[in-house]
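# Structural overview
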Amino acid sequence: MPKHGAHRIALSRGSVASLALMTLAATPLGAVASDALDACADCHGSVLTGDQATGAPNLTVLPSWYVERQLQNYQRGWRGEAAAAAAPDAHALDGAGIAAATALVASRPEHASAPTLEGDAERGGGLYRTCATCHGELAQGNQALNAPPLAGQSDWYLVRQIENYQTGSRGGAPGDIWGAQMRASTGVLGDDAAVRDVVAYVSTLKTNATP
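Parameters and conventions
- Residues numbered from 1 in each chain as written.
- Predicted model: local features only at pLDDT ≥ 70, side-chain atom pairs only at ≥ 80, totals over all residues.
- Heavy atoms only, no water.
- Helix = DSSP H or I, 4+ residues; strand = E, 2+ residues; numbered from the N terminus.
- Buried < 20%, exposed > 50% of the residue type's maximum accessible area, 1.4 Å probe, protein only.
- Contact = heavy atoms within 4.5 Å.
- Areas by Shrake-Rupley, 256 points an atom, 1.4 Å probe, with all protein chains shown as cover.
- pLDDT = per-residue confidence, 0-100.
- Expected span 1.5 Å × (residues − 1).

## Digging into the overall build of the chain
Summing up its helical and strand segments, the chain has ten helices and zero strands in all. The N-to-C order of helical and strand elements in the chain reads α-α-α-α-α-α-α-α-α-α. Expressed as a percentage of the 211 residues in the chain, the buried residues total 43%. In the chain, once contacts between residues fewer than 6 apart in sequence are set aside, the share between residues at least 24 apart is 69%. As displayed, the chain offers around 10,500 Å² of accessible surface, 56% of which is attributable to carbon and sulfur atoms.

## Quick look at the confidence of the model for the chain
One rule of thumb: low pLDDT means the predicted coordinates there are not for detailed reading. For the chain, per-residue confidence averages 81 on the pLDDT scale, and residues scoring 70 or more make up 75% of the total. When mean pLDDT is taken per element in the chain, helix α10 (residues 192-202) scores highest with 97 and helix α1 (residues 6-12) scores lowest with 34.

## Comments concerning the environment of L71
Mapping L71 onto the fold places it in helix α4 (residues 64-76). Along the primary structure L71 and T102 are separated by 31 residues, whereas in three dimensions their C-alpha atoms are 9.2 Å apart.

## Digging into unusual backbone geometry
For A139, which is not glycine, the phi dihedral falls at a positive 55 degrees. Residue placement: A139 occurs in the loop between α7 (121-135) and α8 (155-167). A positive phi angle, near 55 degrees, is found at N146, a position not held by glycine. Residue position: N146 is located in the loop between α7 and α8.

## With respect to α8
With 13 residues, α8 should reach 18 Å at 1.5 Å per residue; the first-to-last C-alpha distance of 19 Å fits that figure. Buried within α8 are the following residues: D155, W156, Y157, L158, V159, Q161, I162, N164 and Y165. As for α8, its buried residues are in contact with α9 (177-186) and α10. G168 occupies a position one or two residues after α8 and carries a positive phi of about 90 degrees.

Right under this line is the structure:
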């Protein structure tokens, strides 16, 4: 596990992760952290940059507050088709386990995913204006609006999640207000071409992550 100062993590990736990292610092890769790594790596890869074969996203570009919320959403059964694969691991985590998992993600260097899909990025820029209201002009995300960063994420994963929202397999659970909001927002992307175009545009946006 890369060695990062807890103060730096608190500034860059979230206070929940920093507190967990300080707890884990006495034992560089303790049993809880090791279990979290094993569970995450099964699908997300050893460096947590995602794996299309398992449908797992790049975790290194996601903030700890979002990772924490999604683990909780898996436990609530709010993640639709994705829950079949990820829910068992999520349900195995108690509060300390979720803190260890989010700390683990926060400790990893950020790596932007390379584009794999084709689309009209210029057209996508116009379509992205609706997305920018929550996710930011540079797709940097906004915790106050519960919107994760999109820049640097695997394009195939973004396409799949937009489609999941559009079909209702994600965002349709009672109580999932942020998911319901995303379902409404993705409804403006009328066809497959529009989805790919907006994702192609997001792929042009730069992050501080290492390629």
